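Chain by chain, the residues:
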Amino acid sequence: MDWGMKNRLSRIIKKDGHTVMLAVDHGYFMGPTTGLEKLDETVKPLLPYADVLMPTRGALRNYIPPETDIPICLRVSGGTSILNETNLLHEGIVCSIEDAIRLNVSAVAFSILVGQPFERDTILGFTQIIDEANRYGIPVLAVTAVGRGLGKDAKYLSLASRMAAELGASMVKTYYCKDFEKVVETCPVPIVIAGGKKIPEKDALEMAYNALQAGAIGVDMGRNIFQSTDPVGMIKAVNAVVHKKYTPKEAYELFKSNKKT
Ligand code: 5RP
């Protein structure tokens, strides 16, 4: 592996082997997502507790000051909106590597939709971006997005995650599920979990903890942080699970105590 690629990966995966990625890329297909209407105001207080920020290029340019000291994992896939039900997440390349380099990113993220009629399109866009990104030492995070009608179970998620790794992903973002260790064991590259739709804070912390216990290296979490009743408290608690080995109970106590401090 080239020095540049290793250097970028070391900015994403911290010395303890773990990472807290803050996903704020939702606008590329969901528009002004609840909690991100004023993305700059939401993100600013969360940055001290995030290791990596995952935005779109438009969000980065418009909402994040260039002097911000945080590695960027740039969303480079897209092409459909939540209004397009039949083609939901039928994604292609929406940002060139040239622009990603201009934005000084540490990684790029691309969704594949394994099992959908249009899976081939997403996979070919994915491998194209891998070739282009890797040429310049930029790692690619595969997002194993789950389309309608496909289960978020270990059988499906290990198929999609392993495919992503075999096709050249440097890291995989997938969903937590029962028997998650099977997904981790059969995937040769590091895995982070997505948060998914907003669930109670206690449950989200337990999910993050269980994922770490099963071998995930961290989280790439969005809605369960920025849609929390206390986003700063929540990211502090998630960070404590990922980097300080807090149990879900300890982390939830930290979350609850944050507002009082
Ligand atoms: C879509 C995505 C999202 O844009 C986002 O990154 C997901 O984060 P979360 O589920 O934690 O809100 O990856 O596939």
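Details of the structure are given in the entry above.
**Observations concerning helix α11 (residues 231-244)**
An ideal rise of 1.5 Å per residue puts 20 Å on 14 residues; α11 measures up with 19 Å between its terminal C-alpha atoms. Tucked into the core, α11 has its buried residues touching β1 (19-23), α9 (201-213), β10 (218-221), α10 (223-226) and α12 (248-258). Positive backbone phi, at 60°, marks Lys-245, one or two positions downstream of α11.

**What about the sheet that holds strand β2 (residues 52-54)?**
The parallel open sheet is built from 8 strands, whose spatial order is β2-β1-β10-β9-β8-β7-β6-β3. Of all strands in the sheet, those with a lone pairing partner are β2 and β3 (73-75), marking the two edges. Strand-to-strand, the axes of this sheet are offset by a mean angle of 25°, without reference to chain direction. Strands β6 (107-112) and β7 (140-144) of the sheet are contacted by helix α6 (residues 119-135), whose axis makes an angle of about 165° with β6.

**With respect to the site of the ligand**
For the ligand, the set of nearby residues contains 15 residues, the closest of which are Asp-25, His-26, Lys-173, Gly-196 and Gly-222. Contact distances for the ligand include 2.7 Å between an oxygen atom and a side-chain N or O atom of His-26. Contacts to the ligand include Arg-223, whose side-chain N or O atom sits 2.8 Å from an oxygen atom. Expressed as a share of its isolated accessible area of 380 Å², the protein-covered part of the ligand is 97%. Of all the elements in the fold, those that place two or more residues in the shell around the ligand are α2 (27-30) and β10. Looking at side-chain class alone, the shell around the ligand contains 6 nonpolar, 4 polar and 5 charged residues.

**Side note on the pattern of salt bridges**
On inspection of all chains with the given rule, the structure shows 13 salt bridges. As a salt-bridge pair, Lys-178 and Asp-179 come within 3.7 Å of each other at their nearest N and O atoms. Connected through salt bridges with shared partners, the residues Arg-57, Arg-61, Glu-98, Asp-99 and Arg-102 form a single ionic network.

The rules we used
- Residues numbered from 1 in each chain as written.
- Predicted model: local features only at pLDDT ≥ 70, side-chain atom pairs only at ≥ 80, totals over all residues.
- Heavy atoms only, no water.
- Helix = DSSP H or I, 4+ residues; strand = E, 2+ residues; numbered from the N terminus.
- Expected span 1.5 Å × (residues − 1).
- Contact = heavy atoms within 4.5 Å.
- Pairing = 2+ DSSP bridges.
- Axes fitted to C-alpha atoms, helices over the stretch in contact; angles between N-to-C directions.
- Near = heavy atom within 4 Å.
- Polar contact = N/O pair within 3.5 Å; in protein donor to acceptor, adjacent residues only side chain to side chain.
- Areas by Shrake-Rupley, 256 points an atom, 1.4 Å probe, with all protein chains shown as cover.
- Nonpolar A, V, L, I, M, F, W, Y, C, P; charged D, E, K, R; others polar.
- Salt bridge = Lys/Arg side-chain N within 4 Å of Asp/Glu carboxyl O.

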